[in-house]
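# Secondary and tertiary structure notes
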Amino acid sequence: MIILEKEITGVMVYYYMVCKKKLWYFYHEISMEHTNDNVYIGKLIDEESYKRENKHINIDNVINIDFIKTKKILHEVKKSNKIEEASILQVKYYLYYLKKKGVIDIKAKIDYPLLKQSVDIEIDEDDEKYIQETLDKIKEIVSLKYPPKTDKKKICKSCAYYDLCFI
Ligand code: SF4
């Protein structure tokens, strides 16, 4: 069993789905986010959306919930203009993590301000099994000495790490 120095965060679960190399960079604190326009746009949407809510609730530095509107529904705000599997797994991980801490009977929603749409998220036993397997795979990836090899993909051109990967 691999034991990591750091906890696996929700963002790591998201990056695992998006790009294994990005996950490795992020875990090893190699950051280029400040240079990327998409990150700036994300922050702007984050600041402008749902201003009245109590925002950014950090739990153990593992999950960073955007806000909890009622006691039983946590919200994650995504700047994307499409619904992504990565975001869904990230928020399922939040529910999984909270359940492990004894917080049950809680649901989640992903809010997409650009789509003016929300998606309800819950977890079942299959999700929990899949998340556990994902956490094991994340541990393997971040324990590598060097970033894993990945192919160039569509999202690369808008990724903050593009220069690091391809120039
Ligand atoms: S540029 Fe592409 S391969 Fe490199 S970290 Fe970003 S998404 Fe991954």
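I will try to describe carefully the structure that is included in this document. (Residues numbered from 1 in each chain as written. Predicted model: local features only at pLDDT ≥ 70, side-chain atom pairs only at ≥ 80, totals over all residues. Heavy atoms only, no water.)

Below, the discussion takes up the site of the ligand. The environment of the ligand is made up of Cys19, Lys22, Thr150, Lys153, Ile155, Cys156, Cys159, Tyr161, Tyr162, Cys165 and Phe166. In terms of residues, the shell around the ligand owes the most to one element, helix α6 (residues 162–166), which gives three residues. Per-class residue counts for the shell around the ligand are eight nonpolar, one polar and two charged. (Near = heavy atom within 4 Å. Helix = DSSP H or I, 4+ residues; strand = E, 2+ residues; numbered from the N terminus. Nonpolar A, V, L, I, M, F, W, Y, C, P; charged D, E, K, R; others polar.)

A surface patch of negative charge is lined by Glu122, Asp124, Glu125 and Asp126. Looking at the element boundaries, aspartate 126 is found in helix α5 (residues 125–142). (Patch = residues over 30% accessible without salt bridge, like charges linked within 9 Å, V, L, I, M, F, W, Y side chains within 5 Å. Areas by Shrake-Rupley, 256 points an atom, 1.4 Å probe, with all protein chains shown as cover. Salt bridge = Lys/Arg side-chain N within 4 Å of Asp/Glu carboxyl O. Lys, Arg positive; Asp, Glu negative; His and termini not counted. Charge placed at Lys NZ, Arg CZ, Asp CG, Glu CD.)

Next up on the list: the packing of helix α1 (residues 10–18) against helix α2 (residues 20–27). Close contact between α1 and α2 brings their axes to 6 Å; oriented N to C, the two are set at 150 degrees. Accordingly, the angle class assigned to the pair α1 and α2 is roughly antiparallel. The two elements α1 and α2 meet at a crossing, and its hand is right-handed. Contacts between α1 and α2 pair Val11, Met12, Tyr15 and Tyr16 from the former with Lys20, Lys22, Leu23, Phe26 and Tyr27 from the latter. (Axes fitted to C-alpha atoms, helices over the stretch in contact; angles between N-to-C directions. Parallel < 35°, antiparallel > 145°, perpendicular 65-115°, else oblique. Left-handed = near helix turned anticlockwise from the far one by under 90°. Contact = heavy atoms within 4.5 Å.)

This part is about the packing of aromatic side chains. One pass over the full model with this rule turns up seven aromatic pairs. Here tyrosine 25 and tyrosine 161 contribute two aromatic rings whose centre-to-centre distance is 4.8 Å and whose plane-to-plane angle is 35 degrees, an arrangement assigned as tilted. In this pair, tyrosine 25 sits in helix α2 while tyrosine 161 sits in the loop between α5 and α6, placing the two residues 136 residues apart along the sequence. Accessibility assignment for this pair places tyrosine 25 and tyrosine 161 in one class, buried. A connected cluster of aromatic rings, assembled from ring pairs, spans Tyr14, Tyr15 and Phe26. Over the ring of tyrosine 27 we find lysine 6; its NZ or CZ atom is 4.4 Å from the centre of that ring. (Phe/Tyr/Trp six-rings, centres within 6.5 Å; stacked < 30°, edge-to-face > 60°. Buried < 20%, exposed > 50% of the residue type's maximum accessible area, 1.4 Å probe, protein only. Lys NZ or Arg CZ within 6 Å of the ring centre and 35° of its normal.)

On to the environment of histidine 56, then. Tracing the sequence through the fold places histidine 56 in strand β1 (residues 55–59). On the accessibility criterion, histidine 56 (38% relative accessible area) is partly exposed. C-alpha of histidine 56 to C-alpha of histidine 75: the two residues are 19 residues apart in sequence and 9.8 Å apart in space.

What follows covers unusual backbone geometry. If you check the backbone angles, aspartate 105 has positive phi at about 60 degrees while not being a glycine. Residue classification places aspartate 105 among the exposed positions, given a relative accessible area of 58%. A positive phi angle, near 50 degrees, is found at lysine 116, a position not held by glycine. Checked against the element boundaries, lysine 116 lands in the loop between β4 (107–112) and β5 (117–121). We classify lysine 116 as exposed; its relative accessible area is 77%.

What follows covers the side chain of aspartate 127. If you trace the backbone, aspartate 127 turns up in helix α5. Residue classification places aspartate 127 among the buried residues on the basis of a relative accessible area of 17%. Discounting residues that sit within four places of it in the chain, aspartate 127 has contacts with Lys92 and Glu122.

Counting buried positions along α2 gives six out of eight residues, so the element sits mostly inside the fold. Along α2, the positions that sit buried rather than exposed are Lys21, Lys22, Leu23, Trp24, Tyr25 and Tyr27. Close packing links the buried residues of α2 with α1, α5 and α6. After α2 finishes, the residue glutamate 29 shows a positive phi value of roughly 60 degrees.

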